[in-house]
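Examination of the molecular architecture
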Amino acid sequence: MYEFEGDFVVWKGDGKVLFLSMNKEDKELPYTIQLGGLTFDKYNEILEKYNKISA
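Residues numbered from 1 in each chain as written. Predicted model: local features only at pLDDT ≥ 70, side-chain atom pairs only at ≥ 80, totals over all residues. Heavy atoms only, no water.

With that settled, the discussion passes to the pattern of salt bridges. If you walk through the whole model with that rule in mind, you get 3 salt bridges. The salt bridge involving Glu 45 is made with Lys 42; its shortest N-O contact spans 3.5 Å. Here Glu 45 and its partner Lys 42 are both found in helix α1 (residues 40-54), 3 residues apart, which amounts to about one turn of the helix. Judged by relative accessible area, which is 37%, Lys 42 ranks as partly exposed. Across the pair Glu 48 and Lys 52 runs a salt bridge whose closest N-O atoms are separated by 3.7 Å. (Salt bridge = Lys/Arg side-chain N within 4 Å of Asp/Glu carboxyl O. Helix = DSSP H or I, 4+ residues; strand = E, 2+ residues; numbered from the N terminus. Buried < 20%, exposed > 50% of the residue type's maximum accessible area, 1.4 Å probe, protein only.)

Here it is as structure tokens:
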């Protein structure tokens, strides 16, 4: 499991990568919690594209 700044958590399942993110835009609003997943191949494709952007 990998945690990024306490707001985004990623972990590997059986052939999939799962994620849980938590966001709060304003102290008056409730948290937005999102749970999702991708196949491991799709996750690697997106990660590769992201790394090219941030390089």
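There is more to say, and it comes next.
It is worth spelling out the confidence of the model for the protein chain at this point. Averaged over every residue, the pLDDT of the protein chain is 82; the share at 70 or more is 85%. Here strand β1 (residues 2-4) stands out as the least confident element of the protein chain, with mean pLDDT 63; strand β4 (residues 32-39) is the most confident, with 88. (pLDDT = per-residue confidence, 0-100.)

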